[in-house]
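# Summary of the model geometry
One-letter residues, chain by chain:
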Amino acid sequence: MDERVRDEMVVQAIAYAQERLGHDRTGHGMDHAERVARMARRIADEEGVDPLLPVMAAYLHDTVDDKLVADSARALEELRAFLGGLGLSGTDVEDLLHTVSRMSFAESLDAGREGAAADAAAGPAGLSSAGHITQDADRLDAIGAIGVTRAIYFGGAHGERIYDPAVSPRQNLTREEYRNLDNETIYNHFYEKLLGLKDTLNTPSARRIAERRQRFMLDYLAEFKAEWEGLA
Ligand code: ADP
Ligand code: NI
């Protein structure tokens with residue numbers, strides 16, 4: 001495919017995402033999409049994979065997410081029409097649609113849904129190699145310094161308390177429990193999700209990048225706890 005045609009596809013994907021996520025103030029705005037796209041490009045380069053689909057999926061992944069759009073089935077059909085108009089092959093369109101609808105953390109908790117068994121048999125989340133890269137880039141954006149900031153931002157927006165020593169982190173969350181924030185604290189979110197993300201990464205590059213981010217989060221939590229107890 002001509003380099004200019006590829007660049008133009010990315011430009012179109014950015015405009016499509018901007019129109020749908022530009023107003024977001026929940027941590028899923030264009031700044032998140034841009035970081036995920038940068039990281040997806042880096043991982044694809046390091047892994048020797050064509051970055052086009054990982055980067056496209058990075059820009060588009062939150063435009064069909066059910067926590068952001070009222071009707072995600074309809075959003076997926078809109079996206080299918082958009083991608084169909086770009087001149088991508090049918091296989092690439094299906095790869096992108098599959099990636100954006102299956103890559104989220106909440107989706108991976110949803111074991112009861114149709115097709116979950118087939119997905120499990122096909123490997124982690126049943127994603128393509130492009131999908132594995134975009135999913136890694138998205139998950140890296142939830143850890144490290146950016147991850148700490150996003151957790152606090154999200155927690156504040158949803159009225160979470162910062163910490164309560166009497167509330168233990170929950171384990172083996174279902175999708176519903178994950179979205180139930182009644183007794184959630186920002187501190188517990190690290191133990192319920194963020195510290196475990198590194199073990200769900202698909203590519204060696206992402207696992208390497210995660211190491212430093214993991215150390216940063218552990219240092220942060222140790223410091224937080226020590227200050228809370230008046231020890232530091
Ligand atoms: P996904 O899109 O993969 O399902 P989420 O929408 O659940 O991911 O998470 C988006 C961002 O919000 C992440 O940075 C995540 O850590 C943060 N977040 C999600 N749930 C909570 C929570 N209960 N408390 C604090 N931050 C949260
Ligand atoms: Ni995301």
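Tallying secondary structure elements over the protein gives twelve helices and zero strands in all. Going from N to C terminus, the protein has its helices and strands arranged as α-α-α-α-α-α-α-α-α-α-α-α. For 232 residues, the compact-globule estimate of 2.2 N^0.38 gives 17 Å, and the C-alpha radius of gyration of the protein, at 18 Å, lies within 12% of that figure. Of the roughly 11900 Å² of accessible surface on the protein, a fraction of 51% belongs to carbon and sulfur atoms. In the protein, 27 positive and 41 negative side-chain charges are present, and the distance between their average locations comes to 3 Å.

Examined against the element boundaries, Ile143 turns out to sit in the loop between helix 8 (129-140) and helix 9 (144-157). Ile143 sits in the buried class, given a relative accessible area of 2%. Those residues in contact with Ile143 that lie beyond four places of it in its chain are Leu194, Leu197, Ala210, Arg213 and Met217.

Attention now goes to the confidence of the model for the protein. On average, residues of the protein score 92 in pLDDT, and 93% of them are at 70 or above. Confidence drops under pLDDT 50 across residues 114-124; counting only partners more than four residues distant or on other chains, this segment forms nine contacts.

Turning to the coordination of the nickel ion (ligand 2), a few remarks are in order. For the nickel ion (ligand 2), the full set of protein donor atoms is His32 (NE2), His61 (NE2) and Asp138 (OD), and the range of their distances to it is 2.0 to 2.1 Å. Mapped onto the polypeptide sequence, the residues donating to the nickel ion (ligand 2) form the spacing pattern H-x28-H-x76-D. Within this pair, whereas His32 is found in helix 2 (residues 30-47), its partner His61 is found in the loop between helix 3 (52-60) and helix 4 (72-84), the two being separated by 29 residues in sequence. The burial state of His32 is the same as that of His61; both residues are buried.

All right, on to the site of ligand 1 then. With respect to spatial proximity, 18 residues lie near ligand 1, and among them Lys67, Phe105, Glu160, Tyr178 and His189 are the closest. Arg179 places a polar side-chain atom, nitrogen or oxygen, 3.1 Å from an oxygen atom of ligand 1. Lys193 places a side-chain nitrogen or oxygen 3.3 Å from an oxygen atom of ligand 1. About the coverage of ligand 1: the protein hides 96% of its 550 Å² of free accessible area. The set of elements that each furnish at least two residues to the shell around ligand 1 consists of helix 6 (105-109), helix 9 and helix 10 (175-179). The dominant element in the shell around ligand 1, judged by the number of residues it contributes, is helix 9, at three residues.

By the secondary structure assignment, Asp65 is in the loop between helix 3 and helix 4. A relative accessible area of 11% means that Asp65 is categorised as buried. A distance of 2.7 Å separates the side chain of Asp65 from the side chain of Lys67, its partner in a polar contact.

Locating Ala206 in the fold gives a position in helix 12 (residues 204-228). Given the relative accessible area of 0%, Ala206 is considered buried. With near-sequence residues (within four places) excluded, Ala206 lies in contact with Ile43, Asp136, Leu140 and Leu201.

The next thing to look at is the packing of helix 9 against helix 12. The interhelical angle for the contact between helix 9 and helix 12, taken along N-to-C directions, is 50 degrees, at an axis separation of 8 Å. In terms of their interaxial angle, helix 9 and helix 12 are classed as oblique. Each of Gly144, Ala145, Val148 and Ile152 in helix 9 lies in contact with helix 12, whose residues at this interface are Arg213, Phe216, Met217 and Tyr220. By residue class, the composition of the contact of helix 9 with helix 12 is six nonpolar, one polar and one charged.

Looking now at the pattern of salt bridges. Under the counting rule described, the total for this entry stands at 20 salt bridges. Of the charged contacts in the structure, one is a salt bridge between Lys225 and Glu229, with a shortest N-O distance of 3.9 Å. Overlapping salt bridges, with partners in common, bring together Asp31, Arg35, Asp141 and Arg150 in one network.

Analysis parameters
Residues numbered from 1 in each chain as written. Chains lettered and ligands numbered in written order. Predicted model: local features only at pLDDT ≥ 70, side-chain atom pairs only at ≥ 80, totals over all residues. Heavy atoms only, no water. Helix = DSSP H or I, 4+ residues; strand = E, 2+ residues; numbered from the N terminus. Rg over C-alpha atoms; globule rule 2.2 N^0.38 Å. Areas by Shrake-Rupley, 256 points an atom, 1.4 Å probe, with all protein chains shown as cover. Lys, Arg positive; Asp, Glu negative; His and termini not counted. Charge placed at Lys NZ, Arg CZ, Asp CG, Glu CD. Buried < 20%, exposed > 50% of the residue type's maximum accessible area, 1.4 Å probe, protein only. Contact = heavy atoms within 4.5 Å. pLDDT = per-residue confidence, 0-100. Donors = N, O, S within 2.8 Å, 3.2 Å for Na, K, Ca; no water. Near = heavy atom within 4 Å. Polar contact = N/O pair within 3.5 Å; in protein donor to acceptor, adjacent residues only side chain to side chain. Axes fitted to C-alpha atoms, helices over the stretch in contact; angles between N-to-C directions. Parallel < 35°, antiparallel > 145°, perpendicular 65-115°, else oblique. Nonpolar A, V, L, I, M, F, W, Y, C, P; charged D, E, K, R; others polar. Salt bridge = Lys/Arg side-chain N within 4 Å of Asp/Glu carboxyl O.

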